[in-house]
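Breakdown of the fold
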Amino acid sequence: MTVLERYEPLVDDVAAFHEACERSLPAAVRVNTIKTTVDRAKTALEDAGIAFEGSPLPGLFRLPDDQPGANWPYVHGWLHGQEEVSALPATVLGPQPGERVWDACAAPGSKTTQLGALMEDTGLLVGTDNNMGRVSALRSNAERLGVTSLALTVEDSRNHSLKPFDGELYDRALVDAPCSCEGTVRKNPDVLAEWSYDQVAGTAGVQKGILGRAVQATREGGTVVYSTCTFAPEENEAVLDFVLEAESCRLVPFEIPLDATPGITEWAADELDEPMVFDPSVEHAKRIYPHHNDTGGFFCAKLEVTG
Amino acid sequence: MSDDVSTRFDRLPETAAERTVEERATRAEVLEWFEERFGIEPAVFESYTFWERGAGKIWIYHGELDSPVDIEGLGMTALRTRQEHWKPTLEAVQRFGHHANRNRIHLTEERAKRFMAGDDQEIEFEGDWGYLIVTHDLAGEPEPIGVGLYTYGELRSMVPKGRRREL
């Protein structure tokens, strides 16, 4: 069985799913509202002769003919290459200007800088990653995009320390977790060759630890968003199920401007001795498959901290 | 370089009277420098704090934290001090340079492309020698691109290698 065949029982149209996974992903850019407006970015793209199309996500454009990078609006930090599903979790988290927000898996910074823009570059935005090289890439992106409200830490997010930040809890946290990444197959077909079930199981342990710490570090009534780019329920619904049991939080419903299916409550796979059964509220989470919106694959859940 | 090793950020003292590290710039000096060199009013930086990491590199952060703080990044690098001529970063110039009203040089599209590629070019300029804010028209308005060094009728591109582009 191939990696993608593993997920056939979850999708409505198996042929369309495989066909979409084999197509390369169209380039997309997000307008960086810290440095410009959507209207000015449009004018700059038009002046540069770069074709663009609208997106269901506000402030994003699809570039049918070009890759972002070698044009004036990019050089000025007006644009950032970011595919549509990657722009979802920050909008679901919905940070407000002046809030305290933690991005627990921040590098290379597409979502971090988007959070900064949604916060109008005010408040406290903490970005954490455990890899120094990736944090350097994050710093470079944040500087190009003009984010000045960002503090960066290099540490294991499972043990994130609030000490440098007055020990106060966050209003919101984003856990865009490291994962098996099958959803990025349209950008990077190699992910399937690198896939192993051992890695799925190991990664799920890390994901549970990071999401648990994010819930602990967020105030009562605050919001935590969990997202991945894997289809594996072991890394999605199973992680939510674990944290619902271990921490004071609940899953809440939310709307997105893309077609999606609900999280699943049961999962049987060859690698499992018996089927997994999840808390019914995981249905509030959203699964996004490549053939539904011509995007990458994605998973996104929204939690409210209750204690 | 020392500032790539240290992860300790020290907030700049308000004035020389509060200075504990001899060569460290003060907030007052930084504000005065931005105003004298580029005409950027101190009010622009009212809600920002300035921090030194290592020796001489100043970071600008939009907020307040207890000093010192031991983390990997705090806002963005803004300028290099502890040298005769302080030098702003490309990123700070892109972010705050539109507030400048002197020592700005506006380039044509063709010259702006050469500047962004890292080329030096001969050009006439009426203002001071030294570091200039380089602008060009983008979406119908002047927009700061980066820092140039002007001497002897020549504008040298200070665009860091990693930011250069052939446009």
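Coordinates for the structure precede this section.
Residues numbered from 1 in each chain as written. Chains lettered and ligands numbered in written order. Predicted model: local features only at pLDDT ≥ 70, side-chain atom pairs only at ≥ 80, totals over all residues. Heavy atoms only, no water.

The subject of this paragraph is the interface of chain B and chain A. Tallying the contact residues gives 34 residues for chain B and 37 residues for chain A. Its largest share of buried area at the contact with chain A, chain B owes to Glu72, Arg95 and Leu138 of chain B, together 20% of the area lost on that side. On inspection of chain B and its partner chain A, the count reaches three salt bridges. Here Glu141 of chain B and Arg40 of chain A are joined by a salt bridge, their closest N and O atoms 3.9 Å apart. The interface formed by chain B and chain A contains 15 residue pairs in polar contact (both at pLDDT 80 or more). Its residues placed into classes, the side of chain B that touches chain A shows 17 nonpolar, six polar and eleven charged. Of the strand pairs in this sheet, strand β7 (residues 150-154) of chain A and strand β5 (residues 73-74) of chain B are connected by two bridges, and their pairing is antiparallel. Looking at the pairing, Leu152 of chain A lines up with Gly73 of chain B of β5 of chain B. (Contact = heavy atoms within 4.5 Å. Buried area = accessible area lost by both parts, 1.4 Å probe. Salt bridge = Lys/Arg side-chain N within 4 Å of Asp/Glu carboxyl O. Polar contact = N/O pair within 3.5 Å; in protein donor to acceptor, adjacent residues only side chain to side chain. Nonpolar A, V, L, I, M, F, W, Y, C, P; charged D, E, K, R; others polar. Pairing = 2+ DSSP bridges. Helix = DSSP H or I, 4+ residues; strand = E, 2+ residues; numbered from the N terminus.)

Residue and element names in this part refer to chain A. Residues of strand β5 (residues 100-103) alternate between two faces, with Arg100 and Trp102 on one and Val101 and Asp103 on the opposite face, all of them buried. Pairing geometry for β5 and strand β6 (residues 124-129), over four bridges, is parallel. Bridging across to β6, Trp102 finds its partner in Val126. In the classification by handedness, the crossover that spans β5, the intervening helix α5 (residues 110-118) and the parallel β6 is right-handed. Alignment of β5 against strand β8 (residues 170-176), held across three bridges, turns out to be parallel. Following the sheet pairing, Asp103 is matched in β8 by Leu174. (Buried < 20%, exposed > 50% of the residue type's maximum accessible area, 1.4 Å probe, protein only. Right-handed = clockwise from strand over helix to strand, strands pointing away.)

It is worth spelling out a negative patch on the surface at this point. Residues and elements named next belong to chain B. A surface patch of like charges, here negative, comprises Glu32, Glu35, Glu36 and Glu41. Mapping Glu41 onto the fold places it in the loop between α2 (27-38) and β2 (49-53). Judged by relative accessible area, Glu41 falls into the exposed class, the value being 52%. (Patch = residues over 30% accessible without salt bridge, like charges linked within 9 Å, V, L, I, M, F, W, Y side chains within 5 Å. Areas by Shrake-Rupley, 256 points an atom, 1.4 Å probe, with all protein chains shown as cover. Lys, Arg positive; Asp, Glu negative; His and termini not counted. Charge placed at Lys NZ, Arg CZ, Asp CG, Glu CD.)

What follows covers helix α2 (residues 38-47) of chain A. Those residues of α2 of chain A not exposed but buried are Arg40, Ala41, Ala44 and Leu45 of chain A. Projected down its long axis, α2 of chain A shows its buried positions confined to an angular sector of 140°, all on one face. Of the residues in α2 of chain A, the exposed ones pointing more than 90 degrees away from the buried face are Asp39, Glu46 and Asp47 of chain A. In this structure, the buried side of α2 of chain A is in contact with β1 (27-31), β3 (60-63), α3 (72-75) and β4 (79-81) of chain A together with β10 (130-138) and β11 (141-151) of chain B. One or two steps after α2 of chain A, the chain reaches Gly49 of chain A, where phi turns positive at roughly 70°. (Arc of directions from axis to C-beta.)

This next bit is on the side chain of Thr128 of chain A. Residue and element names in this part refer to chain A. Relative to the elements of secondary structure, Thr128 occurs in strand β6. Residue classification places Thr128 among the buried residues on the basis of a relative accessible area of 0%. In terms of polar contacts, Thr128 uses its side chain to reach the side chain of Trp102, at 2.8 Å. Excluding residues within four positions of it along the chain, Thr128 makes contact with Trp102, Asp103, Ala104, Cys105, Ala106, Thr153, Glu155, Ser157 and His160.

Along the polypeptide, Arg144 of chain A turns up in helix α6 (residues 132-144). Lacking a salt bridge, the buried Arg144 of chain A has Glu91 of chain B as its closest oppositely charged neighbour, with an N-O distance of 8.3 Å. Other than its neighbours up to four places away in sequence, Arg144 of chain A contacts Lys35, Tyr74, Val75, His76, Gly77, Leu79 and His80 of chain A together with Glu91, Gln94 and Arg163 of chain B.

Two faces belong to every sheet, and in a regular strand the side chains alternate between them. Residues and elements named next belong to chain B. Burial of β2 is extensive: five of the five residues sit out of reach of the surface. As defined by bridge partners, strand β1 (residues 8-11) adjoins β2 across three bridges and the pair is classed as antiparallel. Along β2, the bridge assignment pairs Phe9 with Arg53. The pairing of β2 with strand β3 (residues 57-61) spans five bridges and is classified as antiparallel. Across the sheet, Thr49 pairs through a bridge with Tyr61, a residue of β3. Linking β2 to β3, which pair antiparallel, is a turn of three residues; within it Gly54 sits at a positive phi near 70°.

All names here are of chain A. Helix α9 (residues 237-246) packs onto helix α8 (residues 197-216) with a crossing angle of 45° between their chain directions and a minimal axis gap of 9 Å. On the basis of their axis angle, the class for α8 and α9 is oblique. As for how α8 packs across α9, the hand of that crossing is right-handed. Of the residues in α9, those in contact with Ala204, Gln207, Lys208, Leu211, Gly212 and Val215 of α8 are Ala238, Val239, Leu240, Phe242 and Val243. Taken together, the residues of the contact of α8 with α9 break down into eight nonpolar, two polar and one charged. (Axes fitted to C-alpha atoms, helices over the stretch in contact; angles between N-to-C directions. Parallel < 35°, antiparallel > 145°, perpendicular 65-115°, else oblique. Left-handed = near helix turned anticlockwise from the far one by under 90°.)

Let's shift gears to the pattern of salt bridges. Scanning the model with the defined rule gives 26 salt bridges over all chains in all. Between Arg95 of chain B and Asp121 of chain A there is a salt bridge; the shortest N-O distance is 2.5 Å. Pair noted here: Arg95 of chain B is in helix α3 (residues 90-96) and Asp121 of chain A is in the loop between α5 and β6, and the two residues belong to different chains. Neither Arg95 of chain B nor Asp121 of chain A differs from the other in exposure class; each is buried. Here Glu110 of chain B and Arg114 of chain B are joined by a salt bridge, their closest N and O atoms 3.3 Å apart. Remark: Arg114 of chain B and Glu110 of chain B occur in helix α4 (residues 109-117); sequence separation between them is four residues, near one turn of the helix. Overall, Arg114 of chain B belongs to the partly exposed group, its relative accessible area being 29%. Put simply, Arg8, Asp10, Arg24, Glu52 and Arg82 of chain B are held in one network by salt bridges that share partners.

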